[in-house]
Amino acid sequence: DNIHLGTLRHIISVINSLKEAGVYPSVLYQEISCAEDYENQKLNDLLTIYEEYERLIDDKFVDVGGVYKYLNEVLAMSDSEKIFRHRFPNSIIVFIDGFNKFSDPEITIIDTISKYKNLGVLISFDYYSGNNELFRHLNDNYNKFLAIGFKKLSNSDSNFKKNCNFRNYISDNLFKQE
């Protein structure tokens, strides 16, 4: 029996979305163990398809979720800071700008590198807690960053003004040809 191409694309899209969100087979196995009977069969089917998809792409293809998983595995190694410093020996700051939502694997990557010695991580995060209608979808990300130790800079903070100057400098000069 052949499956329609549109259905196949949708299934692959669901699997990729799960992977990008950090939902790997191990997580689904945990879900199965505490799921209701009516959900169990659906989760088992999804898990079977997910694992077969992973087996088929194996080392032939890497999707975005696979890249995140690989990066987090490398960063979890004890010598990840050494590897980072070998590749980026003069880096003192990682500036993250232009993103408004982060997946759990992305937050794990950011959290890991933020712990490296002599490396600052600055996230320009377009979020305002006073406007829940507009920014509600970012509450989880904002709270996760606070929970892992990131600090919010206030507009009156002198460091904030320095960072705005840095941001403006980057905005004005990044990719500028002399």
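Right above here is the structure, for reference.
Residues numbered from 1 in each chain as written. Predicted model: local features only at pLDDT ≥ 70, side-chain atom pairs only at ≥ 80, totals over all residues. Heavy atoms only, no water.

A count of helices and strands for the protein chain gives nine helices and two strands. Sequence-ordered secondary structure for the protein chain, helices as α and strands as β, is α-α-α-α-α-β-α-β-α-α-α. Counting all 178 residues of the protein chain, 29% fall into the buried class. Within the protein chain, contacts between residues at least 6 apart in sequence are counted, and of these 66% link residues at least 24 apart. (Helix = DSSP H or I, 4+ residues; strand = E, 2+ residues; numbered from the N terminus. Buried < 20%, exposed > 50% of the residue type's maximum accessible area, 1.4 Å probe, protein only. Contact = heavy atoms within 4.5 Å.)

Given a rise of 1.5 Å per residue, 12 residues ought to cover 16 Å, and the 16 Å separating the end C-alpha atoms of helix H4 (residues 64-75) matches this to within 8%. Looking at H4, one finds that the buried residues are Gly65, Gly66, Tyr68, Asn72, Val74 and Leu75. Elements in contact with the buried residues of H4: helix H1 (5-20), helix H5 (80-87) and helix H6 (104-114). (Expected span 1.5 Å × (residues − 1).)

Another aspect to go through is unusual backbone geometry. Of note, Asn118 is a non-glycine position whose phi angle comes to about 55°, a positive value. Within the secondary structure, Asn118 sits in the loop between H6 and strand E2 (120-124).

Attention shifts here to the nonpolar core. Counting residues in each nonpolar core, the largest one holds 21 residues, and the members touching the most others are Phe102, Ile110, Val121 and Ile123. Elements represented by at least two residues in this core include exactly H4, strand E1 (93-97), H6, E2 and helix H8 (139-147). The dominant element in this core, judged by the number of residues it contributes, is H6, at four residues. Ranked by size, the runner-up nonpolar core spans 12 residues in total, among them Ile15, Ala35, Leu43 and Tyr50. (Core = buried A, V, L, I, M, F, W, Y, C linked by side-chain atoms within 4.5 Å.)

Our next topic: a nonpolar patch on the surface. On the surface, Val62, Val67, Tyr70 and Leu71 cluster together to form a nonpolar patch covering roughly 380 Å² of accessible area. Of note, Val67 is situated in helix H4. On the basis of relative accessible area, Val67 is assigned to the partly exposed category, the value being 38%. (Patch = residues over 30% accessible without salt bridge, like charges linked within 9 Å, V, L, I, M, F, W, Y side chains within 5 Å. Areas by Shrake-Rupley, 256 points an atom, 1.4 Å probe, with all protein chains shown as cover. Salt bridge = Lys/Arg side-chain N within 4 Å of Asp/Glu carboxyl O.)

Just geometry here; none of it tells us what the structure is for.
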